[in-house]
Amino acid sequence: MSTATGTFFRSRWVSPPDGVEQLNPAQLAPGFRAAGVACGLKGGGATDVGVLACDAPEVNSALALTRNAAAAAPIRVCREECDAAAICAVAVNSGNANAATGEQGYRDAMAMRDAAAEALRIEPRTVAVAETGTIGVPLEIEAVTTGVLEAVEGLSATGGDQFAAAIMTTDRGPKRCTLRAGGVTVSAQAKGAGMIEPGFATMLCFVQTDGEVADPDGALRSALGGSMERITVDGQMSTNDTVLLQTTGAAGEPVPAGLLDAVLLQLALEIVADGEGASRVGRVQVRAAADDDEAERVARAIANSPLVKTALYGRDSNWGRIAQAAGMALAGKELAELGPDRIQAAELASDSPEAELSVALGRGDADAHVYFSDLTPEYVRLNAEYPT
């Protein structure tokens with residue numbers, strides 16, 4: 001497959017291993033097929049149902065799911081009715097989150113899973129379900145299951161782009177890649193632009209590889225810890241966050257060290273950059289905190305501050321906004337006065353699409369960082385039109 005146009009690893013904060021070859025993202029990792037169709041959830045003929053399946057005789061997998069207490073039906077189905085370590089396929093829809101839909105929503109998510117399992121002739125517990133879109137609206141289940149069956153019929157090794165389109169909601173474009181390194185291929189598709197501070201994941205993300213991964217769950221958790229666990233758009237945790245890693249080991253070689261981490265970090269940064277109208281991405285580094293929890297709390301307070309976000313948008317290096325947000329996060333604690341000697345914010349005023357800022361608290365040795373986006377009029381408009 002020919003090399004795709006453009007460069008996937010675009011951020012200065014991402015360091016992929018050497019020798020990575022970029023392929024056409026429509027081409028999935030060997031052993032995987034996908035498809036996307038329109039069933040009417042989005043309207044206008046937009047692709048809104050997808051299926052991704054593994055044809056290999058053996059597949060190992062790992063699932064990471066939202067911790068939101070108001071978890072959507074597909075999350076509960078994945079927790080209670082799926083074998084997270086042996087997921088062969090996933091059925092997805094966008095346009096409807098199937099969240100806050102009661103027991104009927106649970107039955108609908110099960111119907112999606114069972115339709116895909118029957119059509120693929122595999123065990124139902126090896127099929128995951130993921131959904132994204134509007135909360136609190138009953139799912140048009142007959143249309144969705146019909147779409148699932150159509151997608152199964154259209155499965156293709158070059159269906160990556162269709163599948164990526166099927167999971168989009170307010171995304172301005174698809175987020176996907178296919179890469180090859182060390183004889184191993186990794187393909188991935190993600191979506192997300194709002195309701196992003198999941199604590200460990202993003203809205204939806206799917207990763208496939210023919211490489212060997214000794215501990216898929218450990219590898220996924222580790223990679224998420226440095227990527228999608230470190231992002232925020234609006235400080236809101238979704239009801240539907242799902243990340244799925246599938247690996248077959250058919251290449252006979254391990255996934256190159258650092259490749260999964262780099263893929264997930266770049267996808268995470270694309271989600272932040274999308275940010276429902278965002279124009280810039282920031283990275284806040286909190287140093288010299290009393291402990292890890294404190295560093296994390298302060299970093300997120302700064303990243304989620306509307307004042308800091310508007311400074312990023314307006315290219316205003318006003319470091320006082322950072323001091324205010326850090327102090328708010330540490331209300332009631334002892335903190336030496338923060339000033340320009342301990343706050344670095346000059347890049348806020350630059351024209352770079354990526355701006356870095358830092359603050360040294362002077363309270364200990366812990367540190368943490370968070371990636372965030374600016375606050376724009378487009379974000380306000382989109383959230384009025386699309387409440388999820």
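Report follows, based on the coordinates. The model shown is predicted, which means the values in this text are computed figures rather than measured ones.

Overview of the overall build of the protein
No. 1: A count of helical and extended segments in the protein gives 10 helices and 15 strands.
No. 2: For 388 residues, the compact-globule estimate of 2.2 N^0.38 gives 21 Å, and the protein sits close to it at 21 Å.
No. 3: Counting only C-alpha atoms, the protein reaches 65 × 45 × 35 Å along its principal axes.
No. 4: Counting the 388 residues in the protein, one finds 57% classified as buried.
No. 5: Here the contacts in the protein between residues at least 6 apart in sequence split such that 78% fall between residues at least 24 apart.

What to know about the packing of helix α1 (residues 73-81) against helix α2 (residues 102-120)
No. 1: One way to put it is that α1 packs onto α2 with a least axis distance of 8 Å and a crossing angle of 65°. Our pair here, α1 against α2, has a crossing hand that is right-handed. In this structure, α1 contributes Ala73, Pro74, Arg76, Val77, Glu80 and Glu81 to the contact, and α2 contributes Gly102, Glu103, Gly105, Tyr106, Ala109, Met110 and Arg113.
No. 2: Class assignment of the residues belonging to the contact of α1 with α2 gives a composition of six nonpolar, two polar and five charged.

Notes on the pairing of strand β6 (residues 127-134)
No. 1: When you tally the buried positions in β6, you get seven out of eight residues, the bulk of the element.
No. 2: As paired elements, strand β5 (residues 89-96) and β6 share eight bridges and run parallel to each other. Residue pairing across strands places valine 90 opposite alanine 128, the latter belonging to β6.
No. 3: You can see the chain leave β5, run along α2 and come back into β6, and the turn it takes is right-handed.

Quick notes on helix α9 (residues 320-329)
No. 1: Every buried residue of α9 is accounted for by Ile322, Ala323, Ala325, Ala326 and Ala329. Buried positions in α9, seen along its axis, are confined to an arc of 165° and lie on one side of it.
No. 2: Looking at the packing, one finds that the buried side of α9 touches α7 (292-304), α8 (306-314), β13 (343-344) and β14 (354-360).

Quick notes on the pairing of β14
No. 1: For β14, the buried fraction is high: five of the seven residues fall into the buried class.
No. 2: Pairing of strand β12 (residues 281-289) with β14, which is carried by seven bridges, proceeds in the parallel orientation. Within β14, the position partnered with glutamine 285 by the bridge is serine 358.

A closer look at the side chain of aspartate 274
No. 1: On the secondary structure map, aspartate 274 appears in helix α6 (residues 259-274).
No. 2: Accessibility expressed as a relative area gives 5% for aspartate 274, which makes it buried.
No. 3: Apart from the residues within four sequence positions on either side, aspartate 274 is in contact with Asp171, Arg172, Gly173, Lys175, Gly192 and Ala193.

Observations regarding the sheet that holds strand β3 (residues 49-54)
No. 1: Strands sit in the order β2-β3-β5-β6 across an open sheet of four strands; the sheet is mixed. At either end of the open sheet lies a strand with only one pairing partner, and these are β2 (32-37) and β6. Strand after strand, the sheet turns through a mean of 10° between neighbouring axes, direction not considered.
No. 2: Against the sheet, helix α3 (residues 141-153) engages β2, β3 and β5, with an angle of about 45° to β3.

Comments concerning the packing of aromatic side chains
No. 1: In this structure the tally under the stated criterion is three aromatic pairs.
No. 2: Judged by centre distance (4.9 Å) and plane angle (65°), the rings of phenylalanine 8 and phenylalanine 9 are edge-to-face.
No. 3: Ring geometry for tryptophan 13 and tyrosine 371: centres 5.5 Å apart, planes at 50°, overall tilted. In this pair, tryptophan 13 is assigned in the segment before β1 (21-23) and tyrosine 371 in strand β15 (residues 366-373), connecting sequence segments 358 residues apart.

Describing the nonpolar core
The tendency in soluble globular proteins is for nonpolar side chains to be buried as a group.
No. 1: If you look at the biggest cluster of nonpolar residues, it comprises 52 residues, and the most contacted ones within it are Val90, Val92, Val144, Val148, Phe163 and Phe206.
No. 2: Tallying contributions element by element places α2 first for this core, with eight residues.
No. 3: With near-sequence residues (within four places) excluded, valine 92 lies in contact with Asp48, Val49, Gly50, Met112, Ala130, Phe163, Ile167, Leu204 and Phe206.

What counts as what
Residue positions are given per chain, counted from 1 along the sequence in the order it is written. Totals for whole chains, interfaces and linings use every residue, but because this is a predicted model, local features are given only for residues with pLDDT of at least 70 and side-chain atom pairs only at 80 or more, for both listing and counting. Based on all heavy atoms of the structure, the side-chain values leave hydrogens and waters out of the count. Helix and strand labels come from DSSP, where a helix needs a run of H or I of at least four residues and a strand needs a run of E of at least two; each type is numbered from the N terminus. Only C-alpha atoms enter the radius of gyration; for comparison, a globular chain is expected to reach 2.2 Å times N to the power 0.38, where N is the number of residues. Exposure classes here rest on a 1.4 Å probe applied to the protein chains alone. A residue is buried below 20% of its type maximum, exposed above 50%, and partly exposed in between. The contact criterion used throughout is that any non-hydrogen atoms of two residues lie within 4.5 Å. The convention used is that axes are lines fitted to C-alpha atoms, helices contributing only their stretch in contact, and that angles between N-to-C directions extend from 0 to 180 degrees. In this scheme, a crossing is called left-handed if the near helix is turned counterclockwise away from the far one by less than a right angle; it is called right-handed if the turn is clockwise. Amino acids outside the nonpolar list (Ala, Val, Leu, Ile, Met, Phe, Trp, Tyr, Cys, Pro) and the charged list (Asp, Glu, Lys, Arg) are all regarded as polar, and Gly is one of them. Pairing between strands is defined by DSSP: at least two bridges between them are needed. With strands facing away from the observer, any crossover in which the path from the first strand over the helix to the second runs clockwise is taken as right-handed. What the arc measures is the spread of directions leading from the helix axis to the C-beta atoms. Geometry of aromatic contacts follows a simple scheme: Phe, Tyr and Trp rings, the Trp one being its six-membered ring, pair when their centres are within 6.5 Å, and the pair is stacked under 30 degrees between planes, edge-to-face over 60, tilted otherwise. Put simply, buried Ala, Val, Leu, Ile, Met, Phe, Trp, Tyr and Cys residues joined by side-chain atoms within 4.5 Å make one nonpolar core.

In short, shape yes, function no, at least from these values alone.
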